[in-house]
Amino acid sequence: MNAIVALCHFCELHGPRTLFCTEVLHAPLPQGAGSGDGPGRGEHAEEEEGGIQMSSRLRAHSPAEGASAESSSPGPKKSDMCEGCRSLAAGHPGYISHDKETSIKYVSHQHPNHPQLFSIVRQACVRSLSCEVFEAEQFGCPQRAQRMNTAFTPFLHQRNGNAARSLTSLTNDDSLWACLHTSFAWLLKACGSRLTEKLLEGAPTEDTLVQMEQLADLEEESESWGSSEAGEEEKEGAEGREPTKCPADSSLLSDCGNWQPRKLSVFKSLRHMRQVLGAPSFRTLAWHVLMGNQVIWKSRDADLVHSAFEVLRTMLPVGCVRVIPYSSQYEEAYRCNFLGLGPHVQIPPHVLASEFAVVVEVHTAARSSLQPAGCEDEPSLSKHEFVVTSGSAVAADRAGPTILSKVEAALTNQNLSVDVVDQCLVCLKEEWMNKVKVLFKFTKVDSRPKEDTQKLLSILGASEEDNVKLLKFWMTGLSKTYKSHLLSTVRSPMASEPRS
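This is a predicted model, so every value here is computed, not measured.

Novice: Pulling in residues and values, what's your account of the overall build of the protein?
Specialist: From N to C terminus, the protein includes 17 helices and 13 strands. Relative to its 500 residues, the protein shows a buried fraction of 41%. At a minimum sequence separation of 6, the contacts of the protein that also span at least 24 residues come to 67%. When the accessible surface of the protein is split by element, carbon and sulfur atoms take 53% of a total near 29,000 Å².

So, in structure tokens, the structure goes:
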């Protein structure tokens, strides 16, 4: 992330001034910031904090070093600066930190060395300190940068008519600027770790688009929660009462808050799960997963249920996955297609008899029970036995959806490693999501008749009943971005023009 953190001050003699700033450098240091990439000549290394090595480097010049610096630096002249306007003393080398993990440098000095960056920081300084009342604000600039500023009460004032005092004098802390450099560098590093850029080669997949939409919805929801809580606290404070927190809703927590990857996975992969459950039971379970039926796991081991869902969800597009990992009561199928329950939770009889649900019950294995093949080295799984039941059992001779047969072929091929099988699964999902896109446009956007739809399904190789059901279910996993793009294209005047 490219950003600059600056501390600004309104001087009573010289107006708005920049006291200190820290910037991020991804390339070799500019000429004004020294030479070399590592601690060497003209610098000394200091302590390490948070993976960042602190060092102080002698630069070729500094904005406050005199006439020679005045001609080559974008900063103000020495004669236009007083003690309240100056942070680093004349000849001070400035500060630089090396992030060993990313090879990024964090450089601190009074002004940015680059003229354009100096202009951006200068404008932000003037605009943020030129009004009496100020609220947090963002405003852009032609260089496509964003400036965020917050005003503080002026503190570098004169005392008894004498010259303005410096910040180090007011705080009686000679290492103040080094501490600020450390804090600013950590802030930039933390923001860079949270806000990252991804290079996408080619068009983004549907899973990528759905994940981006889910992240945006989550951030919007968290912001709305934060603003509502802030409003409640202000209201409580105005009434003179102690702000209280609302009790947590267990159903809400089970929907999203508890869904976190576990450190130790009980099921390592789909192949591993197939070995544990056995081929017939796994085929029944995989069929229900792919068709969008509700998959219910009952066990007293919540980690085992989490691990099972983590593996099974890889067979579906991201947009088709709705998980309640562990609940104390049954949840309807419209809320989730993956549901974890405790062993004593009652499931309604109509669900047990339904062909649109499958239940996996995990019992404590008897001592005399045989372990599934391939699980001799899994002590955690040897304690359990798995019973897969459904209101409509999948016949062994039933073909099922085409993708299921291909997945089973990949899992049974021992020449393919687990990583290769994972990539095969990604390719299969993309292949069928492309068929879903074609079917969506054909039926939902173009509104073609049923006869034409049947011809299309035959061309796509998905005319069988199970394949049609799978396509209709996977259609619910299409991203909002793709759907809105198709609708906007159809409704635009250019789309209705005849092709030449």
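Novice: Tell me about the side chain of Thr453, and name the residues and values.
Specialist: With respect to the secondary-structure elements, Thr453 resides in helix H14 (residues 450–460). Classification of Thr453 by relative accessible area gives buried; the value is 13%. Not counting residues within four places of it along the chain, the set of residues in contact with Thr453 comprises Leu439, Phe442, Thr443 and Arg448.

Novice: How would you sum up the confidence of the model for the protein? Please name residues and give values.
Specialist: With 67% of its residues at a pLDDT of 70 or more, the protein shows a mean pLDDT of 75. Low confidence marks residues 54–72, where pLDDT is under 50. Its contacts with residues over four positions away, or in another chain, come to 61 contacts. Contacts from residues 134–146, a stretch scored under 50 in pLDDT, to residues over four places away or in other chains number 22 contacts.

Novice: Lay out the environment of Gly340 in plain terms, naming residues and giving numbers.
Specialist: In this fold, Gly340 is placed in strand S11 (residues 338–341). By relative accessible area, Gly340 is classed as buried at 0%. Separated by 40 residues in the primary sequence, Gly340 and Arg300 have C-alpha atoms spaced 9.7 Å apart. Once you skip the residues sitting within four places of it in the chain, Gly340 turns out to touch Trp297, Val305, Phe309, Ile324, Pro325, Tyr326 and Ser327.

Novice: Please give an account of the pairing of strand S10 (residues 323–327) that cites residues and values.
Specialist: Among the 5 residues that make up S10, 4 are buried, leaving the element largely enclosed by the rest of the structure. Bridging between S10 and S11 involves 3 bridges; their strand directions are parallel. From the neighbouring strand, Val323 faces S11, where its bridge partner is Phe338.

Novice: Break down the packing of helix H8 (residues 279–291) against helix H15 (residues 465–474) for me, citing the residues and quoting the values.
Specialist: Remark: H8 packs on H15, axes separated minimally by 8 Å, with the N-to-C direction vectors making an angle of 50°. Regarding the angle of H8 to H15, the classification is oblique. Along its contact with H8, which presents Trp287, Val289, Leu290 and Met291, the element H15 presents Asp466, Lys469, Leu470, Phe473 and Trp474. Within the contact of H8 with H15, the residues separate by chemical class into 7 nonpolar, no polar and 2 charged.

Novice: Report on the nonpolar core, specifying residues and quantitative values.
Specialist: Phe267, Met273, Trp297, Leu312, Phe386 and Trp474 are the most contacted members of the largest nonpolar core, which totals 61 residues. With 10 residues, the single largest contributor to this core is helix H13 (residues 418–445). Counting residues domain by domain, this core receives three or more from each of domain 2 (270–364 + 381–395) and domain 3 (420–491). Once residues within four sequence positions are removed from consideration, Phe267 is found in contact with His272, Met273, Val276, Trp297, Leu304, Ser307, Ala308, Val311, Leu381 and Phe386.

Novice: Describe the packing of aromatic side chains, and please don't skip the residues or the numbers.
Specialist: Per the counting criterion, the structure on display carries 6 aromatic pairs. Ring geometry for Phe267 and Trp297: centres 5.9 Å apart, planes at 75°, overall edge-to-face. Note that Phe267 is positioned in the loop between helix H6 (250–257) and helix H7 (270–277) and Trp297 in strand S9 (residues 294–298), a separation of 30 residues in sequence. The interplanar angle of 55° and the centroid separation of 6.1 Å between the aromatic rings of Phe267 and Phe386 together place this pair among those described as tilted. One end of the pair, Phe267, is in the loop between H6 and H7; the other, Phe386, is in strand S13 (residues 384–390), and 119 residues separate them in sequence. Accessibility expressed as a relative area gives 15% for Phe386, which makes it buried. In textbook terms, an aromatic cluster arises when at least three aromatic residues are bridged by ring pairs, as seen for Phe20, Trp177 and Phe184. The ring of Trp432 has Lys435 sitting right over it, with the charged end atom 4.0 Å from the ring centre.

Novice: Before we move on, could you go through the sheet that holds S10 and cite the residues and values that matter?
Specialist: The mixed open sheet is built from 5 strands, whose spatial order is S10-S11-S9-S12-S13. Bordering the open sheet on either side are S10 and S13, each of which pairs with just one other strand. Pairwise comparison of adjacent strand axes, ignoring direction, gives a mean angle of 15° for this sheet.

Novice: I'd like a description of H8, backed by residues and values.
Specialist: For H8, built from 13 residues, the straight-helix expectation of 18 Å at 1.5 Å per residue is met to within 8% by its first-to-last C-alpha distance of 18 Å. Within H8, 10 of the 13 residues are buried, leaving the element largely enclosed by the surrounding structure. Every buried residue of H8 is accounted for by Phe282, Arg283, Thr284, Leu285, Ala286, Trp287, His288, Val289, Leu290 and Met291. Phi turns positive one or two residues past the end of H8, at Gly292, with a value near 85°.

Novice: So, the packing of H7 against H8: which residues are in play, and what are the values?
Specialist: H8 packs onto H7 with a crossing angle of 125° between their chain directions and a minimal axis gap of 6 Å. Compared by their axis directions, H7 and H8 come out oblique. The crossing of H7 and H8 is right-handed. Of the residues in H8, those touching H7 at Leu270, Met273, Arg274 and Leu277 are Ala279, Ser281, Phe282 and Leu285. Here the residues of the contact of H7 with H8 are counted per class, giving 6 nonpolar, 1 polar and 1 charged.

Conventions we followed
Residues numbered from 1 in each chain as written. Predicted model: local features only at pLDDT ≥ 70, side-chain atom pairs only at ≥ 80, totals over all residues. Heavy atoms only, no water. Helix = DSSP H or I, 4+ residues; strand = E, 2+ residues; numbered from the N terminus. Buried < 20%, exposed > 50% of the residue type's maximum accessible area, 1.4 Å probe, protein only. Contact = heavy atoms within 4.5 Å. Areas by Shrake-Rupley, 256 points an atom, 1.4 Å probe, with all protein chains shown as cover. pLDDT = per-residue confidence, 0-100. Pairing = 2+ DSSP bridges. Axes fitted to C-alpha atoms, helices over the stretch in contact; angles between N-to-C directions. Parallel < 35°, antiparallel > 145°, perpendicular 65-115°, else oblique. Nonpolar A, V, L, I, M, F, W, Y, C, P; charged D, E, K, R; others polar. Core = buried A, V, L, I, M, F, W, Y, C linked by side-chain atoms within 4.5 Å. Domains from an automatic or database assignment. Phe/Tyr/Trp six-rings, centres within 6.5 Å; stacked < 30°, edge-to-face > 60°. Lys NZ or Arg CZ within 6 Å of the ring centre and 35° of its normal. Expected span 1.5 Å × (residues − 1). Left-handed = near helix turned anticlockwise from the far one by under 90°.

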